Amino acid sequence: MRYQPINSDLFIKNRKNFMAQMKPKSLAVFNSNDTYPIGADSTIPFQQDRNIYYLSGVDQEESVLVLFPDAPHEKHREILFLTETNEHIAVWEGEKLTKEKAFKTSGVKTVYWLKDFHKVLHELMAQSETVYINTNEHYRANVETETREARFNKWLLESYPAHSVAKSNPILQRLRSVKDHLELDVMQQACNITEKGFRRILNFVKPGVWEYEIEAEFMHEFLRNRSRGFAYTPIVASGNNANVLHYIENKAQCKEGELILLDVGAEYANYSSDMSRTIPVSGKFTKRQKEVYNKINHIKKEASKMLVPGTDWAAYHKEVGKMATSAFLELGILDKADVQNENPDWPAYKKYFMHGTSHNIGLDTHDYGLLHEPMKANMVFTVEPGVYLPEEGFGIRLEDDLVIQENGEPINLMKNIPIEADEIEDLMNS
């Protein structure tokens, strides 16, 4: 992989924390993602299942991790299964993990080739009573494709119907939501790469450039800094395109006087960053654009202060909604009658700011996290207020990634990325 190796201590610690919450005489199995076909002999570039990566650091297709803390034989308490590599594979596909390199990456001492998987698993299942299966239970998940993990789970439950079944997901939701310092270091690197991309486009944007050219400038900077590319499909939305929340065509020409809403982030070592900025095509905000921009920036600053241990996620969103209501009244976007007659289930401000304000971020851009539980130190959340004004021809969203601290305000992983309107104008005109 092009990214610098992560210290295996992280994955050793992650497995230890996971196994500490497993039931007696239980084992857990985690599979790599599929390599998905496009057509003919073409495939989508492989991306690893985040859970097996979190627990092993193995970033390779057709890999399996088995955890069995009560295994009678110590060597079977942690096992990696990998496709056996050879010279032919090395020539045609590139070098794959050897047993020695797999140990160095993961800290797992017992590594078998995948051809022995069913034989070894059969022995382990006879020694266990409960099996943990890995399922995707993210609150936004909408998976239509049958994954490799889903196929495996179906086969496992049919083959071993007498075992009790438990879910890995609730354990992983809790563990993955609180970041280790090694994870925070990697996320900071992803944010630093995003900063380089943003500073690059500030020198590039001018009337007449195309949205896809801006996307290309980001990609250039991301790739040259060891990123695989964007952590998610980028949004480069000029003018009224910004009022389409998930505008990803990035096909329009940027015109003088317009704003460009950018929602982009680099990935690094499978970890995500998530940034939103809004900049003027001409290098200068109009008086009205700057007035609205500064209100959104103020909401972001005040909302960020609320990311402290004990904060309730749903209550947090309500408070940010109150801030938005006040700001929109001051801007003349709402009037008092709109607020007095609002539907409590869809407050008046939602007409112009219809998405949420914050989500967990980590290995996934919308990362795992138990949102019904209070926030804790070392959780990482985005803060992303916005306003969308089709009548005025622009939309504004500002977003940073913040780490909750035990005491005091959160640490902003994007504190070095320009956000003040005056600074952006100065940089675009320097």
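Look up: the structure comes first, before these words.
Residues numbered from 1 in each chain as written. Predicted model: local features only at pLDDT ≥ 70, side-chain atom pairs only at ≥ 80, totals over all residues. Heavy atoms only, no water.

Asker: Even after reading the chapter, I still don't get the sheet that holds strand S4 (residues 64-67), so can you show me in this structure?
Answerer: One open sheet holds the six strands; their spatial order is S6-S5-S4-S1-S7-S8, and the pairing between them is mixed. The open sheet is flanked by strand S6 (110-113) and strand S8 (164-167), the only strands paired with a single partner. Mean inter-strand twist for the sheet, computed between neighbouring axes without regard to direction, equals 25 degrees. Pairing of strand S1 (residues 26-31) with strand S7 (residues 130-133) involves three bridges; the strand directions are parallel. Residue pairing across strands places Leu27 opposite Val131, the latter belonging to S7. Helix H4 (residues 99-106) contacts strand S5 (78-82) and S6 of the sheet and is inclined by roughly 135 degrees relative to S6. (Pairing = 2+ DSSP bridges. Helix = DSSP H or I, 4+ residues; strand = E, 2+ residues; numbered from the N terminus. Axes fitted to C-alpha atoms, helices over the stretch in contact; angles between N-to-C directions. Contact = heavy atoms within 4.5 Å.)

Asker: Please explain the packing of helix H1 (residues 9-19) against helix H7 (residues 169-177) as it appears in this structure.
Answerer: A packed helix pair is summarised by two numbers, namely the angle formed by the two axes and the spacing between the axes. At their nearest, the axes of H1 and H7 sit 10 Å apart, and the two run at 135 degrees to each other. One element, H1, and the other, H7, form an angle in the oblique class. By crossing handedness, the relation of H1 to H7 is classed as right-handed. Between H1 and H7, the contacting residues are Asn14, Asn17 and Phe18 on the first element and Ile171, Leu172 and Leu175 on the second. (Parallel < 35°, antiparallel > 145°, perpendicular 65-115°, else oblique. Left-handed = near helix turned anticlockwise from the far one by under 90°.)

Asker: Can you walk me through the sheet that holds strand S18 (residues 411-412) in this structure?
Answerer: Adjacent strands of a sheet form backbone hydrogen bonds with each other and so pair up, either parallel or antiparallel. Strand order in the open sheet formed by three strands is S14-S17-S18, and the pairing between neighbours is antiparallel. Looking along the sheet, the strands with just one partner apiece sit at the ends: strand S14 (380-383) and S18. When S14 meets strand S17 (residues 400-403), the two strands line up antiparallel, connected through four bridges. In the strand pairing of S17, Thr382 is matched with Asp401. Docked against the sheet, helix H10 (residues 287-304) engages S14, S17 and S18, running at close to 155 degrees with respect to S14.

Asker: Looking at this structure, how should I read the nonpolar core?
Answerer: Nonpolar side chains in soluble globular proteins tend to end up buried together. Judged by nonpolar contacts, the single largest core of 99 residues is most densely connected at Phe18, Phe198, Ile214, Phe218, Ile279 and Phe328. When residues in this core are grouped by element, the largest group, ten residues, is from helix H8 (residues 181-202). Not counting residues up to four positions away in its chain, the partners in contact with Phe218 are Thr194, Gly197, Phe198, Ile201, Phe230, Leu262, Val264 and Met275. Residues Val64, Val66, Val131 and Phe152 belong to the second largest nonpolar core, which totals 19 residues. (Core = buried A, V, L, I, M, F, W, Y, C linked by side-chain atoms within 4.5 Å. Buried < 20%, exposed > 50% of the residue type's maximum accessible area, 1.4 Å probe, protein only.)

Asker: Which parts of the structure should I look at to understand the packing of aromatic side chains?
Answerer: Centre distance and the angle of the planes are the two values used to describe a pair of aromatic rings. By the definition in use, this model includes 15 aromatic pairs. On the numbers, 5.9 Å between centres and 55 degrees between planes, the contact of Phe117 with Phe152 is tilted. Linking Phe117 in helix H5 (residues 117-127) with Phe152 in helix H6 (residues 148-159), this pair joins segments that are 35 residues apart in sequence. Ring geometry for Trp155 against Tyr160: centres 6.2 Å apart, planes inclined by 80 degrees, an arrangement best described as edge-to-face. Taking relative accessible area as the criterion, Trp155 reaches 30% and is therefore assigned partly exposed. A relative accessible area of 15% places Tyr160 in the buried class. One aromatic cluster is present, built from ring pairs that chain together Phe81, Tyr112, Phe117, Phe152, Trp155 and Tyr160. (Phe/Tyr/Trp six-rings, centres within 6.5 Å; stacked < 30°, edge-to-face > 60°.)

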